[in-house]
Amino acid sequence: MTMAQITSPGPAQLLKFVREFGLTLTVVVLFTTLVLLIAGAPPLDAYFYILKGSLGSWVKISHVLKTWVPLTLCGAGLLYTFRIGLWNIGIEGQVMMGAVFATLTLRLGLNSQWPMWFLGLSFAAAALGGGLWALIAGFLKTKGGVNEIFAGLGMNFVAQGLILWLIFGPWKRPGVASMSGTEIFPQSLWLPYISSLRLSPAAIALAVTAVLITAVMLRYSRIGLCLKAIGGNSQACVLYGLTPTHFMLLAMMFAGGFAGIAGCLQVSGVYHRLLPAISSNYGYLALLVVMLSNYNVWVVPFVAFFFACLNVGSIQLPMMLQLDSSLAGVIQGALVLATLAVSAWRGRRAKIFEAQTQEAVAK
Amino acid sequence: MRVELENIHKHYGSVRANDGVDLSVQGGEIHGILGENGAGKSTLMKVLSGYIRKTAGTITVDGRQVEFRSPGKASECGIGMLYQDPLDFLNLSVLDNFMLGQVSGLKNEREYYRRKLLPLSTHFNFNLDPNSPVSRLTIGERQQLEILRLLSIGIKVLILDEPTTGISEIQKQTLFAALKQLAREGKSVLLISHKLEDTQVLCNRVTVLRRGKVTGHMEAPFDTRQLLDQMFDQLPTPPSRLKASPGDTILSMSDVVSTGGRTGLQKCNILVRKGEVVGLAGLEGSGQGVFLRVASGMSRPKSGIVEVDGRSMIGKSHREFKDAGVTFVPTSRLEEGLVPGLDITEHFALNARKTRFFVRWSNALSAAKEKIEMFRISGRPRSPVQSLSGGNQQRLLLSFLPEAPRLLLLENPTRGLDVESAHWVWRHLQTYTARNTSIVFSSAELDEIVMVADRILVFFDGKIVKDVRAEDTDSRELGRAIAGEI
Ligand SMILES: Nc1ncnc2c1ncn2[C@@H]1O[C@H](COP(=O)(O)OP(=O)(O)OP(=O)(O)O)[C@@H](O)[C@H]1O
Ligand SMILES: [Mg+2]
């Protein structure tokens, strides 16, 4: 089953999804247990700490949500590109460029009388920045014939370089330039937040909106239908009067736009400055979230939440169990491998028994 | 070798593609499988070749019950199927493709296989050059290659699904001779075909399917009348040529040169008038496909002038041709015409007005229902197009035709259709010509062209070598032109 073949979820498909998700989870747990055992950590304790470290208190939950927001935004964006059959690896760089454009806008608002205006403007600028960055990769693909994966990876490097240059060059802190980023913005340029949790409701609202818009776009809009059709057979779509390359660029812009907003939230809602690691690999992680969600928009928020919990919960794990701090990374790696293994298995199975997979739909 | 299928069921949800089919094949037998579109022929053969798994039933080979979980398992038991589009590796040579699936890869065995391929090829009178890349072969030659490969891995029961579509008359004769040769050597052949004449000359026995059930077994010689009764509810009535009174020019080409296909298109000069039905005859790939693609804006000519309704269309996209009233229906349905993964309703939504932001799903659904009914497509609004039988995919494509096109360009419009459907399609298309639409169609069946066309163009090697009115010619003359003997 290719990406474009996923139709809206019917009961049978939902069941299938639950089954496959359960399978992935089992593989993930088995794999991590193995890793933990090898590392000499008691697995049950480890799982307990992950749970406690992510959902153990309101503050922890708010940390999880702060990770959930960019993951969900990027996930929503990636649904457009996956729909048309593009691998938008460049999403990471698109988050970064969103952050850069947001920072630029906020800097312009530093001494302004209306900081809220600049705050609002920063979102538009970030969406534009991410979108344009994605568009470059899109043009490289449609005009230059460069595979979008390589184009995206290249653009990610460029974006990272640009951020470092900005932090150590034009935007460096007065006196010292350091990896800790640019000068912190005054509070007036921060996204309003609930002070006890340091969590901004606007960010959550944005992520939820992104999911809703994407669901509506993919299911009910003509654009959504065209993306799916071109993803299925771009040659035939010419016969239907569509121009595949236009839609590819459009999908890239959607993905880049959502990623840019995620980047903006990292700046104005979380760190209040530009950091070298501003994108925190959320773009790459979102690729896995979407794959694991079987490209289903309604599942993405839940899988994103799961990944966010793991991400936040495993930070403290090494400390609690007195293990090397690289363990968190190893667990994430295990997760990635398990996801890939299951989706590869799924793809192979689908290919061998392609006819069978249609049965559920045919009823 | 003796293969027996007993009470085979293959269900897709509530669709019973095969509903209790019994069939047995002996060594040395050529067994025909007949039936209308969607009867379940391909499904049955895919079950036998391990490509899909049956819902219920038993398969026995020489009295031993077997269970095929993959095509590989079936070929280990000596059963192999030739698919309509053999999945060759186009960049590899004939020899490489022949060796696929046979070599261990440990040592270089090319010489061994070359020595194996050549005599096998001459044995069946095939003409294959081991060194030429597969991408340069015609469909018929690729088919020959695949047959040789299947035989050399030890296939004793050979299954062919509509093998004569897209191959030339000569290749067809060669194929038939080869199949007879195989039968003489004790192998069995299972042949799906829509052509009663072919079954008549080739098969010892036939089995007729209808809606997933067997409606008859018969031994040669066959009573055609009875076979038709077993295949169809109503007997097909052939369409007849309409007396057209052509009007003004709708399409004109002057000195058009184009690349593409095997031969390209050379110096093409042609006028098509309103209300005319023009049949394009010629060996597969002699330029008809390129002609239709240039005339529809799907590909751009290297030089020359294309005009629709007196307006120059040079440099225009297919979309602009469409806006000018030109509709093109390609022959390869799942590659060029339909989008696998989308269902019937989604295709109608894609065809609907393009200016709206939101899709009118209810409109698309009712359009789908209406056309399914009207074109008697066996499928549901929510069936993914790849689950439709070959003939039903073709009907679906034809159901997309707009209300009032000015020029219809149809590539093999009845390929894969059963006799009854083919006739039905033509009667339907003739309602368009009555409304002054011009039709230009290609076909591998000379009979079909002679039956419905007002005017016939014969293509040879990328050139139009003959342009005659249908009443001024006959099959013999046309046959010579097709072979290039002018
Ligand atoms: N994967 C599938 N999912 C659902 N229905 C299917 C699937 N494959 C086949 N069918 C249905 O099973 C029936 C039989 O299909 P099959 O392809 O065997 O017909 P056929 O006899 O080969 O017809 P044709 O002459 O048109 O090729 C059809 O109604 C088809 O829609
Ligand atoms: Mg078939």
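Residues numbered from 1 in each chain as written. Chains lettered and ligands numbered in written order. Predicted model: local features only at pLDDT ≥ 70, side-chain atom pairs only at ≥ 80, totals over all residues. Heavy atoms only, no water.

With that settled, the discussion passes to the overall build of chain A. Counting its regular elements, chain A contains 16 helices and zero strands. Against the globule reference of 21 Å for 363 residues, chain A gives a C-alpha radius of gyration of 21 Å, in line with a compact fold. Seen through its principal axes, chain A has C-alpha atoms that stretch 65 × 55 × 35 Å. Among the 363 residues that make up chain A, the fraction classed as buried is 53%. Sequence-distant contacts, at least 24 apart, represent 77% of the contacts inside chain A between residues at least 6 apart. With an accessible surface of roughly 15,600 Å², chain A has 71% of that area assigned to carbon and sulfur atoms. Each charge class in chain A can be summarised by its mean position, and for the 21 positive and 8 negative side chains these summaries are 8 Å apart. (Helix = DSSP H or I, 4+ residues; strand = E, 2+ residues; numbered from the N terminus. Rg over C-alpha atoms; globule rule 2.2 N^0.38 Å. Buried < 20%, exposed > 50% of the residue type's maximum accessible area, 1.4 Å probe, protein only. Contact = heavy atoms within 4.5 Å. Areas by Shrake-Rupley, 256 points an atom, 1.4 Å probe, with all protein chains shown as cover. Lys, Arg positive; Asp, Glu negative; His and termini not counted. Charge placed at Lys NZ, Arg CZ, Asp CG, Glu CD.)

A few words now on the overall build of chain B. Within chain B, the regular secondary structure consists of 17 helices and 20 strands. Compactness check: chain B gives a C-alpha radius of gyration of 23 Å against a globular reference of 23 Å for 486 residues, within 12% of the reference. Classification of the 486 residues of chain B by burial places 55% in the buried group. In chain B, the proportion of contacts linking residues at least 24 apart, taken out of those at least 6 apart, comes to 65%. For chain B, the accessible area works out to roughly 20,800 Å², and carbon and sulfur atoms hold 49% of it. The positive charge centre, built from 63 side chains, and the negative charge centre, built from 56, are 4 Å apart in chain B.

With that settled, the discussion passes to the interface of chain A and chain B. Counting residues at the interface gives 33 residues for chain A and 42 residues for chain B. Taken over both partners, the interface formed by chain A and chain B buries close to 3,200 Å², and the fraction arising from carbon and sulfur atoms is 59%. Looking at the side of chain A facing chain B, the largest losses of area belong to Arg-222, Leu-239 and Tyr-240 of chain A, adding up to 26% of the total buried there. Linking chain A with chain B are one salt bridge, by the criterion used here. (Buried area = accessible area lost by both parts, 1.4 Å probe. Salt bridge = Lys/Arg side-chain N within 4 Å of Asp/Glu carboxyl O.)

Taken together, 20 residues form the shell around ligand 1, and within it Gly-38, Ser-42, Thr-43, Ser-389 and Gly-391 of chain B come nearest. Around ligand 1, the nearby residues trace back to chains A and B. In this structure, an oxygen atom belonging to ligand 1 sits 2.7 Å away from a main-chain N or O atom of Gly-38 of chain B. Between ligand 1 and Gly-391 of chain B, the relevant distance is 2.7 Å, taken from an oxygen atom to a main-chain nitrogen or oxygen of the residue. Relative to its unbound accessible area of 640 Å², ligand 1 is 91% covered by the protein chains. Listing elements by their share of the shell around ligand 1, those giving two or more residues are helix H1 (41-48) and helix H14 (390-399) of chain B. The element contributing the most residues to the shell around ligand 1 is H1 of chain B, with three residues. Each of domain 1 (3-231) and domain 3 (337-401) of chain B gives at least three residues to the shell around ligand 1. (Near = heavy atom within 4 Å. Polar contact = N/O pair within 3.5 Å; in protein donor to acceptor, adjacent residues only side chain to side chain. Domains from an automatic or database assignment.)

A separate point is the packing of aromatic side chains. Each aromatic ring pair is summarised here by two numbers: the centre-to-centre distance and the angle between the ring planes. Enumeration according to the criterion identifies 16 aromatic pairs over all chains in this entry. Considering the side-chain rings of Tyr-240 of chain A and Phe-400 of chain B, the 6.0 Å spacing of their centres and the 65° angle between planes classify their relative orientation as edge-to-face. Note that Tyr-240 of chain A is positioned in the loop between helix H9 (234-239) and helix H10 (244-271) and Phe-400 of chain B in the loop between H14 and strand E17 (407-411), a pairing that runs across two chains. Residue classification places Phe-400 of chain B among the buried positions, given a relative accessible area of 13%. When the ring of Phe-357 of chain B is compared with that of Phe-358 of chain B, the centres are 4.9 Å apart and the planes differ by 90°; the resulting orientation is edge-to-face. Residue classification places Phe-357 of chain B among the partly exposed positions, given a relative accessible area of 42%. Counting every residue linked through ring pairs, the aromatic cluster contains Tyr-80, Phe-254 and Phe-258 of chain A. Seen from the ring of Tyr-220 of chain A, Arg-219 of chain A lies directly overhead, with NZ or CZ sitting 5.4 Å from the centre. (Phe/Tyr/Trp six-rings, centres within 6.5 Å; stacked < 30°, edge-to-face > 60°. Lys NZ or Arg CZ within 6 Å of the ring centre and 35° of its normal.)

This paragraph deals with the pattern of salt bridges. Residue and element names in this part refer to chain B. Evaluation of the coordinates by the stated rule reveals 25 salt bridges over all chains. Between Asp-233 and Arg-210 there is a salt bridge; the shortest N-O distance is 2.9 Å. A residue pair is termed long-range when its members are at least 10 positions apart, and Asp-233 in the loop between helix H8 (224-231) and strand E11 (249-258) and Arg-210 in strand E9 (residues 205-210) qualify at 23 residues. Owing to a relative accessible area of 17%, Arg-210 belongs among the buried residues under this scheme.

Turning our attention to the domain arrangement of chain B. Often the size quoted for an interface is simply the accessible area lost on bringing the parts together. Residues and elements named next belong to chain B. Here chain B is partitioned into domain 1 (3-231), domain 2 (236-325 + 402-486) and domain 3 (337-401). If you average the C-alpha positions of domain 1 and of domain 2, the two centres end up 33 Å apart. Counting from both sides, the interface comprises nine residues of domain 1 and, opposite them, 10 residues of domain 2. Between domain 1 and domain 2, a total of about 930 Å² is buried, with carbon and sulfur atoms accounting for 60% of that surface. On the domain 1 side of the contact with domain 2, Asn-37, Gly-166 and His-194 bury the most area, a combined 39% of that side's loss. Across the contact surface, domain 1 and domain 2 share one salt bridge. A salt bridge links Lys-195 to Glu-445; the shortest N-O distance between them is 3.4 Å. Across the domain 1-domain 2 interface, the total number found is five residue pairs in polar contact (both at pLDDT 80 or more). Along the lines of polarity and charge, the residues of the side of domain 1 that touches domain 2 split into no nonpolar, six polar and three charged. (Nonpolar A, V, L, I, M, F, W, Y, C, P; charged D, E, K, R; others polar.)

What follows concerns the sheet that holds strand E8 (residues 188-192) of chain B. Residue and element names in this part refer to chain B. Strand order in this open sheet of six strands is E6-E7-E8-E3-E9-E10, and the pairing throughout is mixed. For this open sheet the edge positions go to strand E6 (79-82) and strand E10 (213-219), each flanked by a neighbour on one side alone. Each neighbouring strand pair of the sheet contributes to a mean axis angle of 20°, computed without reference to strand direction. Two strands pair when backbone bridges link them, and strand E7 (residues 157-161) and E8 are joined in this way by five bridges, in the parallel orientation. Residue pairing across strands places Val-157 opposite Ser-188, the latter belonging to E8. Sheet strands touched by helix H5 (residues 139-152): E6 and E7. Its angle to E6, the strand with the most contacts, is close to 175°. Sitting on the sheet, H8 touches strand E3 (30-35), E9 and E10, and the angle it makes with E9 is about 30°. (Pairing = 2+ DSSP bridges. Axes fitted to C-alpha atoms, helices over the stretch in contact; angles between N-to-C directions.)

Right, let's talk about helix H13 (residues 361-374) of chain B for a bit. Residues lying three or four places apart along an α-helix face the same way, a consequence of the helix completing one turn every 3.6 residues. If you check H13 of chain B, its first and last C-alpha atoms are 20 Å apart, about what 14 residues at 1.5 Å a residue would give, namely 20 Å. Among all positions of H13 of chain B, only Trp-361, Ala-364, Ala-368, Lys-371 and Ile-372 of chain B are buried. The arc enclosing the buried residues of H13 of chain B, seen along the axis, measures out at 105°, which places them on a common side. Exposed side chains of H13 of chain B directed beyond 90 degrees from the buried face belong to Ser-362 and Glu-373 of chain B. In this fold, the buried residues of H13 of chain B make contact with helix H7 (201-220) and helix H8 (222-232) of chain A together with helix H12 (344-351) and H14 of chain B. Once H13 of chain B ends, the next one or two residues include Arg-376 of chain B, with phi positive near 45°. (Expected span 1.5 Å × (residues − 1). Arc of directions from axis to C-beta.)

As a further point, take the layout of surface pockets. Rolled over the atoms, a probe with the dimensions of a water molecule shows which regions are left empty. All names here are of chain B. By volume, the second largest pocket amounts to about 1,300 Å³. Forming the boundary of the second largest pocket are 48 residues, of which Lys-195, Ala-444, Glu-445, Leu-446 and Asp-447 lie nearest the centre. Residue assignment for the lining of the second largest pocket shows that the elements contributing at least two residues are helix H6 (169-184), helix H7 (196-202), helix H15 (419-434), helix H16 (446-452) and helix H17 (475-482). It is H6 that provides the largest number of residues to the lining of the second largest pocket, a total of five residues. (1 Å grid on protein atoms, 1.4 Å probe; cavity = no way out; pocket = protein on both sides within 12 Å on 5 of 7 lines; lining within 4 Å. Points joined across faces, edges and corners; volume = space filled by probe spheres on them.)

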